[in-house]
Amino acid sequence: MCYGPAMQNPRLRRALTGFLAILCIAGLLKSLEPARAAAPPSSASPADALKLLLEGNQRFVDGKPERPNQDTSRRAALVGGQQPFAAILSCSDSRTAPEIVFDRGLGDLFTVRNAGNVPSPFAMESLHYTTAHLGTPLILVLGHTKCGAVTATLSGQTEDIPETAKAIEPAVAKSKAMSGDALDNAISENVRLTVQKLSTWKPLAEMIKAGNLQIVGAVYHLDSGRVMVLDEPASSAPPSK
Ligand SMILES: [Zn+2]
């Protein structure tokens, strides 16, 4: 460190030394703070986006949510526009709210929800909008344990949800050949088939091919709060005609 003429003055030297000591202590205290929820980067990669989601879910699982981006300044900052870093296609079930499960706030998640998290034409258009026009790099298809819509389809009680059941039936049919719990298998297959359908839909398939989008399937566990990613992200699916 270079000491100028000012350091010849003992009072000034003491004052400066004290000031530097305070700075050091403040820095030390800051380094001891627990890691805060990372702010979503303005142009997150698909991998960054998945990492942010899973980090937030870990805080939720641990019972240590930070509830980022839920204050008045965030609200004000978003008046001019939004750039959500992830889109979530999830069930309408009241126990699976994405902003809570992933510990995020305003402007972070573009959520599309319906019973059974099915890829209805409306859901697909919404997902296309956020990926193509808002630059969202990740779609997470999120099923959940004990899903009522899948349970109803599995048991053939579909009179109140005919269109939803029609969308879930291929997953139920596929899961019948599997060993293990029929409902858990149908829930996972419903997510996988949805990821497959979205990944091969031409508008999204082109974005995946260009490296601007990933589509990932996961299941939320009601008991633990944990979101379990099912498979590797769909990244090279050929576009459908
Ligand atoms: Zn459900």
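It should be noted that the structure appears before, not after, this text.
These notes cover the structure that comes with them. No experiment lies behind these values; they were computed from the predicted model shown.

**A closer look at the overall build of the protein chain**
And step 1. Counting its secondary structure elements, the protein chain contains nine helices and five strands.
And step 2. Start at the N end of the protein chain and walk to the C end: the helices and strands fall as α-α-α-β-α-β-α-β-α-α-α-α-β-β.
And step 3. Counting only residues that meet the buried cut, the protein chain has 40% of its 241 residues in that class.
And step 4. In the protein chain, the proportion of contacts linking residues at least 24 apart, taken out of those at least 6 apart, comes to 68%.
And step 5. Summed over all atoms, the accessible surface of the protein chain reaches about 13,500 Å², with 57% contributed by carbon and sulfur.

**As for helix α9 (residues 202–209)**
And step 1. The complete set of buried residues in α9 reads Leu 204, Ala 205, Met 207 and Ile 208. Viewed end-on, α9 has its buried residues packed into an arc of 160°, placing them on one side of the element.
And step 2. Where α9 is buried, its residues touch α5 (121–133), β3 (138–144), α8 (182–199) and β4 (214–220).
And step 3. In the stretch just after α9, Gly 211 is the one whose phi turns positive, near 85°.

The rules behind the values
- Residues numbered from 1 in each chain as written.
- Predicted model: local features only at pLDDT ≥ 70, side-chain atom pairs only at ≥ 80, totals over all residues.
- Heavy atoms only, no water.
- Helix = DSSP H or I, 4+ residues; strand = E, 2+ residues; numbered from the N terminus.
- Buried < 20%, exposed > 50% of the residue type's maximum accessible area, 1.4 Å probe, protein only.
- Contact = heavy atoms within 4.5 Å.
- Areas by Shrake-Rupley, 256 points an atom, 1.4 Å probe, with all protein chains shown as cover.
- Arc of directions from axis to C-beta.

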